[in-house]
Amino acid sequence: INPNPPQMEWEATDNDETAFYPTSSSVNVSYGEEKPKIYTGPCVCNPYWPSYKFFVLGVTCLLTFGSYFCFDQPSVLQLELEEQYQLTSLEFNLFYQLYSWTNCLMVILGGILIDKLNNRFGALVFASLVLGGQILFALGATVSQYPLMCLGRLVFGSGGGPISVVQNAISANYFKGSVLGLAYGITLTSSRLGSILNFLITPTIEATSGVPFSLWFGALLCLFSVVMACVFYMLDEQHEQTVGRPAERLTTRRLEWRSVLRFPLAFWILSLITMTFYVCVFAFIADASAFFQSKYQMEPTTAGYYAGLAYDISIIGAPCSGILLDRFARRSVAILLGACVAFPCFLIFLFSDVSPALGMTLLGIAYSIESAALWSSIPLLVDLNVIGVAGGVTTSIQMFGVGVGNLVVGALSNDGSFVSCLWFFVGVITLTVALSVLLLLIDLRGERVLWRGQRQIKQEEITPLLVDSIESFK
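Note that the structure is predicted; figures quoted are calculated from it, not measured.

### Notes on the packing of aromatic side chains
Here's step 1: What the rule picks out here adds up to 33 aromatic pairs.
Here's step 2: Pairing F71 with F282 gives two aromatic rings, centres 5.5 Å apart and planes at 55 degrees, and the pair type is tilted. Within this pair, whereas F71 is found in helix α2 (residues 65–71), its partner F282 is found in helix α11 (residues 265–296), the two being separated by 211 residues in sequence. Summarising the burial analysis for this pair, F71 and F282 share the class buried.
Here's step 3: Just above the ring of F137 sits the side chain of R153; from NZ or CZ to the centre is 5.7 Å.

In structure tokens, the structure reads:
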């Protein structure tokens with residue numbers, strides 16, 4: 001501990017919006033050799049202002065708004081797509097398989113890209129790929145060309161997964177050690193607003209204007225996300241020029257693959273849990289609208305609402321879960337709890353005729369817990385300089401599982417029956433529970449990183465230093 005830390009001088013200006021800014025070139029020694037510069041712009045864009053991080057968080061939340069809206073558009077329009085373009089169940093599920101399998105490779109390449117370059121460049125590139133893919137998909141629907149629609153989903157998938165990796169890396173870089181769980185919860189909630197909006201308004205748009213217009217509307221929202229990527233590019237560049245890069249990120253331009261191969265066992269178990277749980281969520285919701293229309297004789301609009309109910313709940317549930325995780329940690333317990341909450345929902349659909357609201361509510365609660373706990377655990381298990389690759393590996397494993405899950409569901413439901421599909425989901429969620437128990441045991445027998453959380457770890461590291469410092473003055 002330095003008994004004479006560098007002092008920060010503050011200077012007042014006549015502009016209320018930028019009333020204070022640091023004037024010392026040695027404000028924070030943690031930024032390596034890059035010296036901070038004075039910033040005199042609007043306070044919300046001032047990297048030294050407390051509101052800056054949350055303004056960046058707000059922009060980051062909108063990076064995936066368009067991609068999340070368009071991801072489940074085929075699910076809402078499943079019956080219309082199959083009828084209008086004479087698609088079989090297997091051909092329809094190919095839209096999701098192409099997305100998932102493309103992500104298996106692209107999320108890893110995306111993670112390498114953002115670790116070697118920077119987050120802002122990755123955000124702009126992958127948001128543009130999402131926009132291009134949705135344009136091709138909408139164009140294929142307009143001219144009734146199924147191969148062009150498949151190409152569109154292929155390009156869409158090459159950007160849809162990596163843009164989520166970029167979003168998670170931004171949250172880790174700006175909020176690790178403070179309110180990381182809350183940041184992840186908020187980004188998930190805002191992204192899922194796109195999914196909810198899709199389930200609410202896409203059936204109405206299709207009923208009034210047709211399938212192609214619905215898809216072009218999705219392309220417009222993807223364009224909005226590209227604009228947000230441009231805004232983040234300017235904000236992050238201003239932050240780097242004014243404050244500099246944190247010392248932890250100065251090594252990210254040299255990626256050491258040995259560190260990737262040395263990821264702890266808990267990380268790989270966590271990635272498998274992410275895969276199995278998201279198979280139950282994404283693969284089920286992809287066919288949930290058709291399932292509800294078949295079993296409960298619902299109208300497409302009503303079925304779409306129930307299919308998106310899990311995302312509705314996550315709007316409130318994910319940030320609340322993040323706050324609790326930041327306060328109490330115990331992420332390994334939260335992961336097991338989320339898997340256990342999701343377990344009975346598929347049994348309800350199998351053996352009960354009660355409203356699907358009950359099963360989707362349980363799935364929504366589980367999704368809120370798992371999404372906040374799983375993704376915020378990655379920065380605790382790996383170094384920050386490989387956070388992009390770590391997120392890419394996890395997302396790759398997740399998307400591979402989701403792709404296989406969509407293929408299995410498409411084959412099982414090709415005869416119009418969903419009973420076999422539900423038994424498939426019961427088996428997958430059982431595997432999720434078993435893996436969650438294994439992760440908890442590994443964490444408890446190891447360093448308890450997930451059990452303790454980042455704040456407690458830092459306190460335990462600082463306490464001996466404080467004791468030594470006090471002893472040295474005696």
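Having put the structure on the table, let's press on.
### Some thoughts on the side chain of E82
Here's step 1: Inspection of the secondary structure assignment puts E82 in helix α4 (residues 78–84).
Here's step 2: R153 provides the closest opposite charge to the buried, unpaired E82, separated from it by 13 Å.
Here's step 3: Here E82 is in contact with L87, T88, S89 and F92, once residues within four sequence places are set aside.

### Some points on the side chain of S368
Here's step 1: Position of S368 relative to the elements: it lies in helix α15 (residues 356–381).
Here's step 2: Of note is the side chain of S368, whose polar atom sits 2.9 Å from the backbone oxygen of G364.
Here's step 3: Residues in contact with S368, not counting those within four places in the same chain, are I313, S314, G317, A318 and S321.

### A closer look at helix α6 (residues 119–142)
Because an α-helix packs 3.6 residues into every turn, residues spaced three or four apart end up facing the same way.
Here's step 1: Under the 1.5 Å per step criterion, the end-to-end length of α6 is 35 Å for 24 residues, consistent within 8% with the ideal 34 Å.
Here's step 2: S144 sits one or two positions beyond α6 and adopts a positive phi of about 60 degrees.

### A closer look at the nonpolar core
Here's step 1: Core analysis: the largest hydrophobic core is formed by 131 residues, its most contacted members being L81, F284, F292, F346, F349, M360 and V382.
Here's step 2: Top contributing element to this core by residue count: α11, with 20 residues.
Here's step 3: The contact partners of F349, leaving out residues within four places of it in the chain, are F284, F291, F292, K295, Y296, P356, G359, M360 and L422.

Analysis parameters
- The residue numbers shown here count from 1 along each chain, following its written sequence.
- Two thresholds apply to this predicted model, a pLDDT of at least 70 for residue-level local features and 80 or more for giving and counting side-chain atom pairs, whereas whole-chain, interface and lining totals are computed over all residues.
- Hydrogens and waters are ignored; side-chain quantities use all the structure's heavy atoms.
- Working definition: a ring pair exists when centres of Phe, Tyr or Trp rings (six-membered ring for Trp) sit within 6.5 Å. Plane angles under 30 degrees give stacked, over 60 give edge-to-face, the rest tilted.
- Runs of E in the DSSP output that reach at least two residues are strands. Runs of H or I that reach at least four are helices, and both are numbered from the N terminus.
- The buried label applies to any residue whose accessible area, calculated with a 1.4 Å probe on protein chains only, is under 20% of its type's maximum; exposed applies above 50%, and partly exposed to all values in between.
- A ring has a charge above it when a Lys NZ or an Arg CZ is no more than 6 Å from the ring centre and no more than 35 degrees off the ring normal.
- Under this rule, positive means Lys or Arg and negative means Asp or Glu; His and the chain ends count for nothing.
- For this document, the term salt bridge refers to a Lys or Arg side-chain nitrogen within 4 Å of an Asp or Glu carboxyl oxygen.
- Contact between two residues is taken to exist if any of their heavy atoms lie within 4.5 Å; hydrogens are not considered.
- A 3.5 Å cut-off defines polar contacts: any pair of N or O atoms within that distance qualifies, except that in protein one atom must be a possible hydrogen donor and the other a possible acceptor, and neighbouring residues in sequence count only when both atoms are side-chain atoms.
- To estimate the expected span of a helix, subtract one from its residue number and multiply by 1.5 Å.
- Nonpolar cores were defined as sets of buried Ala, Val, Leu, Ile, Met, Phe, Trp, Tyr and Cys residues, with membership established by side-chain atoms within 4.5 Å.

Function cannot be inferred from these measures alone, as they are strictly geometric.
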